[in-house]
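Commentary on secondary and tertiary structure
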Amino acid sequence: MENLLQNPLNPMSTLDLSVGGMTCASCVMRVERALKNVPGVQDVSVNLATESARVVTAAGGEAMDARLRRAVRAAGYEPRAASSAADEAAALSPWHGFGPVGIGLLLSIPLLAPMLGQPFGQDWMLPAWLQLLLAAPVQFWLGARFYRAGWHAAKAGTGNMDLLVALGTSAAFGLSLWLWWRAATGAHAGHGGVPHLYFEASAVVITLVLLGKWLEARAKRQATSAIRALQQLRPETAHLVGPRGESDVPLAEVMVGDRLAVRPGERVPADARVIEGQSEVDESMLTGEPLPVPKGPGDALTGGAVNGDGRMVVEVSAVGAESVLARIIRLVEDAQAAKAPIQRLVDQVAAVFVPVVLAIALATLAGWLLAGAGIEVAMIHAVAVLVIACPCALGLATPVAIMAGTGVAARRGILIKDARALELAHRVGTVAFDKTGTLTLGRPVLTALVPVAGSGDEAGLLATAASLQGGSEHPLARAVMAAAAERGVQAPPLGAMQAMPGRGVRGEVKGESWAIASLRWCAELGAVPDAAQVERLQAQGATVSALLRFDAVGAARVQALLAFADEPKPEAAQAIRALHARGLRVVMISGDNLRAAQAMAARLGIAAEDVRADVLPADKAAQVSALRKNGQVVAMIGDGVNDAPALAAADVGIAMAPSGGGTDVAMEAAGITLMRGDLALVAEALELSARTVAKIRQNLFWAFAYNVAGIPLAAFGLLSPVVAGAAMALSSVSVMANALLLRRWKP
């Protein structure tokens, strides 16, 4: 339940609570206010759709947990053990909770009989005592939840949906008793000596509200289907390989370092690395990639992927909460529980909504009385105002759309870390790409090694370069090592080594000081390579570095030029055309020299003026900030490792998880993570953001439209309480159904 934020100077804790009993946007405001009043609480976010609260506190521990639970209970709600909406939905059958609705329908339908029979000339009016017998259980048994929650709201000096329902239905029930008493005493008589009573209004409104809540719960179950699908990827057992052969063990007992057998057709139990065997693995549920991926010794496997037709022995690298699948589930749940910026405004409206509705209901009652309509008519119209104005849909409009949008995105291999990124992405006007590993394959090869006259033979210089690069994981270093291995060149031992980020590497080889340097570092050292040679290589689109040797006084001399080439990803040009078609500006940020960067940009269809070259890793964030200065909303796409500052500086950071592996940096540095390196997902993420925001706006429009249109109609006597109750229930259901249409979206 508790997750300590990493800040040693100001330790903060994040606590998650499930909150039962919330019914509308006003409940959200009450719970947030109650939690914020607890000493030590820094921030609170309550989500109606997931019935959860996320609290950031200055100190954690069991004492804080207890205080938060006590505050929730004092506000009139039920604190429960933290669990995801998906967990709760998975445990429920589709008909769970329909019992009260079914009982309410059985008791209410006979009360509607006169209304149903009247157009056909049928008189199905029930005796007053039978109406009371049918309506009382609905009002005081099935409707007890509204009285309890409404009473807590009234004690707290606020209002919510339950208070409006309790007041409205109690007024209709009480008015019916009063009219019956008047008829029994001879003061008033109507049809057959019994006036028209309104027991059907109170019973039907409560039944319709319960029906609406049940339909909401079913819709919520559909909205959390993406998380449930991810959770079901975990197998229950694993085949542990030991000295005596294989034995089945529960997945909870698997530890890092264990060796497991993965048989054909089985799911990979945990994150692991292949030790023996080869197969093809289906990772579509994790990355959205439809084609199986070949795997062999040394390759990484993600828990939950489906093995093909080969048997493999794997060594476990991560289990439990540290696994990729667990982090994916956690990110999706966090995004679904988060509160979008637009929801803050909705919550402010909801805070004053119920008091305003109560005032309008009182004004309606007074207005009809002053017009001489009598207490019966005035009371019924006031009840209709109370019933139709319940702000259920208002509280669900935004979170349920976010739940649906993030769920669809997860199935496509797009992980949305926070609701703000989802809401903001549709406004992006400029898309900035890191070049190496993002637009390109990230697998450069050494295409040429050009010795300077008198510096030695090519094989010896390549051996020295391979020695310098032996301890580096940089893509250019791997290219040098691969070239040396291909030519059978043996690298001599490397002495003291120093890496210079964005510049190169320096070290001692055979007692001499050498360096592989970028052209920028060459200029700083005063070692200027042959300009004509450099230009010739750059014109071919190559990245050029220099092999330097330092003399006894520390002066550097160029010994050779190294040319590296990296191919663009096959889908890169098409992805950039798709972004241009959306009217977006595409910028490429690269550490390469301008000629090489522009040559690659020309192949991809990026304008020369939109190339930012010779950019050090530490300066990428400044480039992103410069793009934002003209008011443009900027998205930055990078590999999430050395691009983390730039991803954080952008309005929307989109990290491409290396090889679909979903490293910690790739997942944490940006608001959106693409689980496979397909650049087409960038346009998909922006389009899905636009669709989700459109659903939020549609939902808010309909939520407000129901009230803006319904309250005046009820106040002027054009809606009965029964119709008002149906409209109120329909508003919540329609908002949920509209949001769930997102699940049909396809790029």
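Residues numbered from 1 in each chain as written. Predicted model: local features only at pLDDT ≥ 70, side-chain atom pairs only at ≥ 80, totals over all residues. Heavy atoms only, no water.

Let us now look at the sheet that holds strand β26 (residues 652-656). Taken in spatial order, the 7 strands make up an open sheet running β15-β27-β26-β25-β16-β23-β24, and their pairing is mixed. Only two strands of the sheet have a single neighbouring strand rather than two, namely β15 (414-416) and β24 (611-612). Here 5 bridges tie strand β16 (residues 430-434) to strand β23 (residues 585-589), and the two strands are oriented parallel to one another. The partner of T430 across the bridge, within β23, is R585. Sitting on the sheet, helix α23 (residues 620-628) is in contact with β16, β23, β24 and β25 (634-638), with an inclination near 160 degrees to β23. (Pairing = 2+ DSSP bridges. Helix = DSSP H or I, 4+ residues; strand = E, 2+ residues; numbered from the N terminus. Contact = heavy atoms within 4.5 Å. Axes fitted to C-alpha atoms, helices over the stretch in contact; angles between N-to-C directions.)

So, on to the packing of helix α26 (residues 680-715) against helix α27 (residues 721-740). Two numbers describe how α26 lies on α27: the axes approach to 10 Å, and their chain directions differ by 175 degrees. With respect to each other, α26 and α27 are oriented roughly antiparallel. Along the contact surface, α26 presents K695, Q698, N699 and Y706, while α27 presents A727, L730, S731, S734, V735, N738 and A739. In terms of residue class, the contact of α26 with α27 is built from 5 nonpolar, 5 polar and 1 charged. (Parallel < 35°, antiparallel > 145°, perpendicular 65-115°, else oblique. Nonpolar A, V, L, I, M, F, W, Y, C, P; charged D, E, K, R; others polar.)

For side chains bearing opposite charge, pairing can occur when the charged atoms are close. A complete count under the given rule lists 17 salt bridges for this structure. Put simply, R311 and E246 hold a salt bridge, and the shortest N to O gap is 2.3 Å. Of this pair, R311 sits in the loop between β13 (306-307) and β14 (312-318) while E246 sits in strand β7 (residues 245-250), and the two are 65 residues apart along the sequence. Taking the shortest distance from any N to any O, the salt bridge between R676 and D678 comes out at 3.9 Å. (Salt bridge = Lys/Arg side-chain N within 4 Å of Asp/Glu carboxyl O.)

The grouping of W178, W181, L369 and I375 at the surface amounts to a nonpolar patch, some 390 Å² of accessible area in total. Structurally, the position occupied by I375 is in helix α13 (residues 375-388). We classify I375 as partly exposed; its relative accessible area is 32%. (Patch = residues over 30% accessible without salt bridge, like charges linked within 9 Å, V, L, I, M, F, W, Y side chains within 5 Å. Areas by Shrake-Rupley, 256 points an atom, 1.4 Å probe, with all protein chains shown as cover. Buried < 20%, exposed > 50% of the residue type's maximum accessible area, 1.4 Å probe, protein only.)

With that out of the way, let us pick up the pairing of β25. The buried fraction of β25 amounts to 5 of the 5 residues, a majority that puts the element mostly inside the structure. Residues V634, M636 and G638 line one face of β25 and the alternating positions A635 and I637 line the opposite face, and both faces are buried. The pairing of β16 with β25 spans 4 bridges and is classified as parallel. When the bridges of β25 are listed, T430 appears paired with V634. One ladder, built from 4 bridges, connects β25 with β26; its direction is parallel.

Okay, the environment of Q469 next. With respect to the helices and strands, the residue Q469 is situated in helix α17 (residues 458-469). Owing to a relative accessible area of 7%, Q469 belongs among the buried residues under this scheme. For the pair formed by Q469 and V505, sequence separation is 36 residues and the distance between their alpha carbons is 7.6 Å. Dropping the residues within four chain positions of it, Q469 is found in contact with A477, V480, M481, V505 and I516.

The next subject is unusual backbone geometry. Even without being glycine, K510 reaches a positive phi, approximately 55 degrees. Looking at the secondary structure, you find K510 in the loop between β19 (504-509) and β20 (512-518). Positive phi outside glycine occurs at D614, with the angle close to 55 degrees. The topology assignment puts D614 in the loop between β24 and α23. Given the relative accessible area of 38%, D614 is considered partly exposed.

Further remarks concern the nonpolar core. Counting residues in hydrophobic clusters, the biggest one holds 79 residues, and the most contacted among them are M22, L35, L68, V431, F433 and L579. Counting only domains with at least three residues in this core, you end up with domain 1 (13-92) and domain 3 (413-441 + 568-688). Setting aside chain neighbours within four positions, we find M22 in contact with C27, V28, V31, V46, N47, L48, E51, S52 and Y77. Counting 52 residues, the second largest nonpolar core, distinct from the first, contains F146, W214, L386 and M728. (Core = buried A, V, L, I, M, F, W, Y, C linked by side-chain atoms within 4.5 Å. Domains from an automatic or database assignment.)

What follows is about the sheet that holds strand β17 (residues 445-451). Taking strand neighbours across the sheet as the criterion, the 6 strands line up as β17-β22-β21-β20-β19-β18 in an open arrangement whose pairing is antiparallel. Every interior strand has two partners, whereas the edge strands, β17 and β18 (494-500), have only one. The mean inter-strand angle of the sheet, taken between neighbouring strand axes irrespective of direction, is 20 degrees. Sheet topology places β19 next to β20; 6 bridges connect them, and they run antiparallel. Looking at the pairing, G504 lines up with A517 of β20. The sheet contacts of helix α18 (residues 475-486) involve β17, β21 (543-550) and β22 (556-565), and relative to β22 the element is tilted by about 90 degrees.

In total, this model carries 5 aromatic pairs according to the counting rule given. Centre to centre, the rings of F173 and F199 are 5.1 Å apart; their planes meet at 70 degrees, and the pair counts as edge-to-face. In this pair, F173 is assigned in helix α7 (residues 161-184) and F199 in helix α8 (residues 199-223), connecting sequence segments 26 residues apart. By the burial criterion, F173 is buried, and F199 matches it. When the centroid spacing of 5.2 Å and the interplanar angle of 75 degrees are considered together, the rings of F701 and W702 count as edge-to-face. Residue W702 is classed as partly exposed on the basis of its relative accessible area of 48%. Each residue in the set F140, Y147, F173 and F199 is aromatic and connected to the rest through ring pairs, giving one cluster. (Phe/Tyr/Trp six-rings, centres within 6.5 Å; stacked < 30°, edge-to-face > 60°.)

Before going further, it helps to spend a moment on helix α6 (residues 144-155). Think of an α-helix as turning once every 3.6 residues; residues three or four places apart then point the same way. For α6, spanning 12 residues, the distance from its first C-alpha to its last is 17 Å, which sits close to the expected 16 Å at 1.5 Å a residue. Turning to α6, its buried residues are A144, F146, A149, G150 and A153. (Expected span 1.5 Å × (residues − 1).)

As recorded in UniProt, the sites labelled "transmembrane region" (unreviewed entry) are residues 98-116, 128-147, 159-181, 193-212, 349-371, 377-410, 700-719 and 725-742. Along residues 700-719 the backbone is 80% helical and 0% strand, and the end-to-end C-alpha distance reaches 23 Å. Taken end to end, residues 725-742 comprises 89% helix and 0% strand; its first and last C-alpha atoms sit 27 Å apart. (UniProt positions renumbered as here; feature names shortened; annotations may be inferred.)

With that settled, the discussion passes to the packing of helix α5 (residues 128-142) against α6. At their nearest, the axes of α5 and α6 sit 4 Å apart, and the two run at 40 degrees to each other. The orientation of α5 with respect to α6, classified from their angle, is oblique. Here α5 contributes Q139, F140, W141 and L142 to the contact with α6, which in turn contributes A144, R145, F146 and Y147. For the contact of α5 with α6, the residue count by class is 6 nonpolar, 1 polar and 1 charged.

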